[in-house]
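Fold and contact review
Residue strings, one per chain:
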Amino acid sequence: MTKPTSKIKITLDSGVSAEAQAPIIVSASRSTDIPAFYADWFFERLKRGYSAWTNPFNGITSYVSYSNTRFIVFWSKNPRPLLNHLDYLFERNIGCYIQYTLNDYEQEGLEKGVPPVWQRIETFKMLVNKLGKGRVIWRFDPMIITDKISIEDLLRKVQNIGDQLRDYTEKLVFSFADIISYHKVKANLEKNGINYIEWDEAMMNEFAEKLSVMNRERGWNFQLATCGEKIDIDTYGIKHNRCIDDDLMIRFAYRDKELMDFLKVEVNIVQPSAPSMFEEFEDQPLIPDGAIMLTPYTYAVKQKKNKDKGQRQYCGCIISKDIGQYNTCPHLCEYCYANTSKETALENWERYNKNRHFDIIMGQ
């Protein structure tokens, strides 16, 4: 079986042989918006079989082979360009779902580079119609408080989008903006005159309680979950999320034996229980605790925890290979943690546009 850190020999576009990681699960990407800006590049690299990636901490370039890839998790604020490419994933029998960050900071100008809210909602629905409900996950991330955005303002923004996505998503994932922990985010916000307010525990609980009530009273019944948060707000029915989620992969791709073997998952047929001596009670099938129901007749059982120990302490994601690159997102959101500066991101975007077929996002 392929290991998470499997390495193979590949041939580069230049004809040179090189060693590459060959991940089963690819994250595209926490580091930049590949679907919005680099979808053509990514799918070209997928067809060619590999891409290059530069480690942001040591500057070393390495290679990622897609020869073993069975599942891709996309992250985006504008994944509409994926619509032109999803059929190729179907042809390759590669599973996917989309973490779709659909915020509304239009009036405050915190996300000047993204399309208008109405258009992003339209894109969300188009993707659901293409992929199916459950494969497009709504993120309102992060929740930001400023001198112009109160908790009640945020709840109104969530309500507006939630009412329109009621029949198109099963989950709402959010996080509370943690500005102080990201020095460059703090500096960028202050540089642009944005007077942010740090969340405290009381504010988080107030927001969580009101969001939970809204979810119930408006009939959304979304699964509510936080991303990477320490605070426990389970009392409001809000769980800790796994954004790279093996449960979702099992649900959507349980017929992919290679992926299931990698995740250490057994798919079983529901077996009837032993005959009852009391005729008035119907026999109940024997299904193990913690099993994931796939169909009325099949269920899956995970044999191990697949958590990625390389992520943040409160991140629940399972192991994957992220193939994005920091300092390459031209959305230029004011609170961005992935760009050191807007200028650097734009310089790299220009480099990419001069050579869109190079094996690394930033071009040659």
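Residues numbered from 1 in each chain as written. Predicted model: local features only at pLDDT ≥ 70, side-chain atom pairs only at ≥ 80, totals over all residues. Heavy atoms only, no water.

1. Overview of the overall build of the protein chain
Across its full length, the protein chain carries ten helices and 17 strands. For a compact globule of 364 residues, the expected C-alpha radius of gyration is about 21 Å, and the protein chain comes in at 22 Å, within 12% of that figure. Viewed in the frame of its principal axes, the protein chain has a C-alpha envelope of about 75 × 55 × 35 Å. A total of 364 residues make up the protein chain; the buried ones form 53% of that total. Sequence-distant contacts in the protein chain: of pairs separated by 6 or more residues, those separated by 24 or more amount to 70%. Counting every atom, the protein chain has about 17900 Å² of accessible surface; 49% of that belongs to carbon and sulfur. If you average the places of the 47 positive and of the 49 negative side-chain charges in the protein chain, the two averages end up 6 Å apart. (Helix = DSSP H or I, 4+ residues; strand = E, 2+ residues; numbered from the N terminus. Rg over C-alpha atoms; globule rule 2.2 N^0.38 Å. Buried < 20%, exposed > 50% of the residue type's maximum accessible area, 1.4 Å probe, protein only. Contact = heavy atoms within 4.5 Å. Areas by Shrake-Rupley, 256 points an atom, 1.4 Å probe, with all protein chains shown as cover. Lys, Arg positive; Asp, Glu negative; His and termini not counted. Charge placed at Lys NZ, Arg CZ, Asp CG, Glu CD.)

2. Details of unusual backbone geometry
A cis amide bond links Ala28 with the next residue in sequence, Ser29, at an omega value of -5°. By the element assignment, Ser29 lies in the loop between strand S3 (25-28) and helix H1 (34-37). Of note, the bond from Asp141 into Pro142 is cis; its omega dihedral lies within 30 degrees of zero at 0°. With a phi close to 60°, Asn93 is a non-glycine residue in the positive phi region. Mapped onto the fold, Asn93 is located in the loop between helix H3 (86-92) and strand S7 (95-101). Accessibility expressed as a relative area gives 53% for Asn93, which makes it exposed. Of note in the backbone geometry, Asn327 takes a positive phi value of approximately 65° without being a glycine. Its location among the elements puts Asn327 in the loop between strand S17 (321-322) and helix H10 (342-354). In this structure Asn327 comes out as buried when scored by relative accessible area, which is 17%.

3. Some details on the pattern of salt bridges
Across all of its chains, the model carries 26 salt bridges by this definition. Linking Asp153 and Arg156 is a salt bridge whose minimum nitrogen-to-oxygen distance equals 2.3 Å. Of this pair, Asp153 and Arg156 both sit in helix H5 (residues 151-165), three residues apart, which is roughly one turn of that helix. Note that Arg242 and Asp246 form a salt bridge whose closest N and O atoms lie 3.2 Å from each other. Judged by its relative accessible area of 26%, Arg242 is partly exposed. (Salt bridge = Lys/Arg side-chain N within 4 Å of Asp/Glu carboxyl O.)

4. Quick word on the packing of aromatic side chains
By convention here, two paired aromatic rings are described through the distance between centres and the angle between planes. Going through the model one piece at a time under the given rule, you end up with 22 aromatic pairs. With 5.7 Å between their ring centres and 85° between their planes, Tyr105 and Phe140 make a pair best called edge-to-face. Here Tyr105, found in the loop between S7 and helix H4 (117-131), pairs with Phe140, found in strand S8 (residues 136-143); they are 35 residues apart in sequence, far enough to count as distant. Phe140 matches Tyr105 in its accessibility class, with the two residues each being buried. Here the aromatic cluster, defined as three or more aromatic residues joined through ring pairs, consists of Phe37, Tyr38, Trp349 and Tyr352. One Lys or Arg, Arg45, reaches over the ring of Tyr50 and ends 4.6 Å from the middle of that ring. One Lys or Arg, Lys47, reaches over the ring of Tyr88 and ends 5.1 Å from the middle of that ring. (Phe/Tyr/Trp six-rings, centres within 6.5 Å; stacked < 30°, edge-to-face > 60°. Lys NZ or Arg CZ within 6 Å of the ring centre and 35° of its normal.)

5. So, the nonpolar core
Core analysis: the largest hydrophobic core is formed by 73 residues, its most contacted members being Phe42, Phe74, Trp138, Trp199 and Phe207. If we skip the residues at most four places from it in the chain, Phe74 touches Ala28, Pro35, Phe42, Phe43, Leu82, Leu89, Cys96, Tyr97, Ile98 and Gln99. Ranked by size, the runner-up nonpolar core spans 29 residues in total, among them Phe71, Val73, Leu248 and Cys315. (Core = buried A, V, L, I, M, F, W, Y, C linked by side-chain atoms within 4.5 Å.)

6. Observations concerning the environment of Thr340
Position of Thr340 among the secondary structure elements: in the loop between S17 and H10. Under the relative-accessibility criterion, Thr340 is labelled partly exposed at 44%. Here the alpha-carbon distance between Thr340 and Asn327, two residues 13 residues apart in the chain, equals 6.2 Å. Among all residues touching Thr340, those that are not within four sequence positions of it are Lys184, Asn188 and Asn327.

7. Some details on the sheet that holds strand S2 (residues 17-21)
Two modes of strand pairing occur in sheets, parallel and antiparallel, and in both the strands are linked by backbone hydrogen bonds. What the four strands build is an open sheet, ordered S1-S2-S5-S4; its pairing is mixed. In this open sheet, the two strands that pair with only one neighbour each are strand S1 (7-11) and strand S4 (50-54). Averaged over all pairs of adjacent strands, the angle between their axes in this sheet comes to 50°, without regard to strand direction. Direction of pairing for S2 relative to strand S5 (residues 61-65): parallel, over a ladder of two bridges. Note on S5: the bridge partner recorded for Ala20 is Tyr63. (Pairing = 2+ DSSP bridges. Axes fitted to C-alpha atoms, helices over the stretch in contact; angles between N-to-C directions.)

8. Some remarks on the packing of H4 against H5
Packing of H4 against H5 leaves a shortest axis separation of 11 Å and a crossing angle of 30°. One way to sum up the angle between H4 and H5 is to call them roughly parallel. Considering how the two elements wind past one another, H4 and H5 form a crossing that is right-handed. Taken together, the residues of H5 that come into contact with H4 (itself represented by Val117, Ile121, Phe124 and Lys125) are Ile161, Gln164 and Leu165. Considering only residue class, the contact of H4 with H5 consists of five nonpolar, one polar and one charged. (Parallel < 35°, antiparallel > 145°, perpendicular 65-115°, else oblique. Left-handed = near helix turned anticlockwise from the far one by under 90°. Nonpolar A, V, L, I, M, F, W, Y, C, P; charged D, E, K, R; others polar.)

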